[in-house]
Amino acid sequence: MRALDLDERTRRERLLAPAAAVADACRKCAIGYERRHNVYGEGDPLAALMVIGEGPGETEDMLGRPFVGRAGQLLEKMLGAIGLAREDVYICNTVKCRPTSPGPRGPRNRAPEPDEMANCRPFLDEQIDVVAPGVILALGAPAAKSFLGRDFQITKMRGRWYAGPNGVPLIASFHPAYILRQTGGEIEAVKRLVWRDLKAVRAKLDEVAALRAAPLRADKMPEPPPEPLQTGLFGEAPGTVC
Ligand code: SF4
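Notes on the structure in this doc start here. (Residues numbered from 1 in each chain as written. Predicted model: local features only at pLDDT ≥ 70, side-chain atom pairs only at ≥ 80, totals over all residues.)

**Details of the overall build of the chain**
(1) Moving on: Looking only at helices and strands, the chain features ten helices and eight strands.
(2) Moving on: Sorting the 242 residues of the chain into buried and exposed places 40% on the buried side.
(3) Moving on: Across the chain, contacts joining residues at least 24 apart in sequence account for 74% of those joining residues at least 6 apart. (Helix = DSSP H or I, 4+ residues; strand = E, 2+ residues; numbered from the N terminus. Buried ≥ 20, exposed ≤ 12 C-beta atoms within 10 Å, placed from the backbone. Contact = placed C-beta atoms within 7 Å.)

**Here we look at the site of the ligand**
(1) Moving on: What surrounds the ligand is a group of 14 residues, the closest being Cys-26, Cys-29, Gly-32, Cys-97 and Cys-120.
(2) Moving on: Among the secondary structure elements, those contributing two or more residues to the shell around the ligand are helix H2 (31-34) and helix H5 (114-131).
(3) Moving on: With three residues, the top contributor of residues to the shell around the ligand is H5.
(4) Moving on: Taken together, the residues that form the shell around the ligand break down as seven nonpolar, three polar and four charged. (Near = placed C-beta within 6 Å. Nonpolar A, V, L, I, M, F, W, Y, C, P; charged D, E, K, R; others polar.)

**Describing unusual backbone geometry**
(1) Moving on: Located in the positive-phi region is Phe-67, a residue other than glycine, with phi close to 50°.
(2) Moving on: With respect to the helices, strands and loops of the structure, Phe-67 is situated in the loop between helix H3 (58-63) and helix H4 (69-81).
(3) Moving on: The exposure class assigned to Phe-67 is buried, which follows from the 29 C-beta atoms found within 10 Å.
(4) Moving on: Residue Asn-166 is not a glycine yet carries a positive backbone phi of 60°.
(5) Moving on: Examined against the element boundaries, Asn-166 turns out to sit in the loop between strand E7 (161-163) and strand E8 (169-173).

**Digging into the nonpolar core**
In globular proteins that are soluble, nonpolar side chains generally tend to be buried together.
(1) Moving on: Core analysis: the biggest nonpolar cluster contains 53 residues, and Leu-49, Met-50, Val-89, Leu-137 and Ala-138 have the highest contact counts within it.
(2) Moving on: With six residues, the top contributor of residues to this core is H4.
(3) Moving on: If we skip the residues at most four places from it in the chain, Leu-137 touches Leu-49, Val-51, Ile-171, Ser-173 and Val-201. (Core = buried A, V, L, I, M, F, W, Y, C linked by C-beta atoms within 7 Å.)

**Details of the sheet that holds E8**
(1) Moving on: Spatial strand order, E1-E3-E2-E6-E8-E7: six strands in an open sheet with mixed pairing. Each of the sheet's edge strands pairs with one partner strand only, and the pair in question is strand E1 (42-43) and E7.
(2) Moving on: Note: strand E2 (residues 49-53) against strand E6 (residues 135-139), four bridges, orientation parallel. Bridge pairing in E6 links Met-50 to Ile-136.
(3) Moving on: Helix-sheet contacts for helix H6 (residues 141-148) involve E2, E6, E7 and E8, and the interaxial angle to E6 is about 130°.
(4) Moving on: On top of the sheet, helix H9 (residues 185-211) reaches E2, E6 and E8; it is set at about 165° to E8, its chief contact. (Pairing = 2+ DSSP bridges. Axes fitted to C-alpha atoms, helices over the stretch in contact; angles between N-to-C directions.)

**Notes on the pairing of E2**
(1) Moving on: Most of E2 is tucked away: five of the five residues are buried.
(2) Moving on: Along E2, one buried face is formed by Leu-49, Val-51 and Gly-53 and the opposite face, lined by Met-50 and Ile-52, is buried too.
(3) Moving on: Two strands pair when backbone bridges link them, and E2 and strand E3 (residues 90-93) are joined in this way by four bridges, in the parallel orientation. Bridging across to E3, Met-50 finds its partner in Tyr-90.

**Considerations on H5**
Along an α-helix, residues three or four positions apart point the same way, because every turn accommodates 3.6 residues.
(1) Moving on: Its 18 residues give H5 an end-to-end C-alpha distance of 24 Å, which sits within 8% of 26 Å, the value for a rise of 1.5 Å per residue.
(2) Moving on: Looking only at H5, the buried set comprises Glu-116, Met-117, Cys-120, Phe-123, Leu-124, Gln-127 and Val-131. (Expected span 1.5 Å × (residues − 1).)

**Observations concerning the environment of Val-201**
(1) Moving on: The topology assignment puts Val-201 in helix H9.
(2) Moving on: On the basis of neighbour count, Val-201 is assigned to the buried category, with 22 C-beta atoms found within 10 Å.
(3) Moving on: Aside from chain neighbours lying at most four places away, what touches Val-201 is Leu-49, Ile-82, Val-135, Leu-137 and Ile-171.

**A short note on H4**
(1) Moving on: With 13 residues, H4 extends 19 Å between its outermost C-alpha atoms, agreeing within 8% with the 18 Å of an ideal straight helix rising 1.5 Å per residue.
(2) Moving on: Of the residues flanking the end of H4, it is Gly-83, one or two places downstream, whose phi is positive at about 80°.

**Some details on the environment of Pro-66**
(1) Moving on: Along the chain, Pro-66 falls in the loop between H3 and H4.
(2) Moving on: Owing to 25 C-beta atoms within 10 Å, Pro-66 belongs among the buried residues under this scheme.
(3) Moving on: Separated by 24 residues in the primary sequence, Pro-66 and Glu-42 place their C-alpha atoms 7.2 Å from one another.
(4) Moving on: Residues contacting Pro-66, with those up to four places away along its chain left out, are Val-39, Gly-41, Glu-42, Gly-53, Pro-56, Glu-60, Ile-91, Cys-92 and Asn-93.

Spelled out as structure tokens, the structure:
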């Protein structure tokens, strides 16, 4: 890694660490009192791609990390299919505390409410400002709506490019947890759409890198995609991911 990158990485880490501490102490929403861990976000502060989901689930809340558990494993396969490792990207959510509703067997996950997303938005905006990604991938309808408005429909409007915060190209796709919930023939249909979105992300990352006239750093150059991509989607034999 170049010394310049190292200095810049350190600078950004020094900005993100105190912001994470502020988020950790935040109790602006009721869910701030209910969560076990604040899940601020993690990843490469120099990342070209920022992945933004809706909010932490049970496993994330337990571990204090975004996109872990089955959905996280699927996200890693999705990223791997376009030549990116989890460590290459920055991953966070629209809200940093787990949104829950009471259920018969204890609290269960729910989508974040608009006021919770609004309360938490300064943390997200700060992350976007500091990391300054070239591309944003919003996963799931709540994350997409937080940027594109409440009328956004994930089934109809995903897979297109929008101007995100600071003009960063933003695309929305299905959340890995949604893919995991699909059954039967729906799985392959949804995976095909997601694969199309992922290829668009890959192409945009390459385009942004070229526009910046600064090719991806040698240590971040993606490996050529693994061969059976089109058949397996996300590097798995058809039907085995979910
Ligand atoms: S969701 Fe965000 S704004 Fe709300 S309490 Fe948690 S950290 Fe604070």
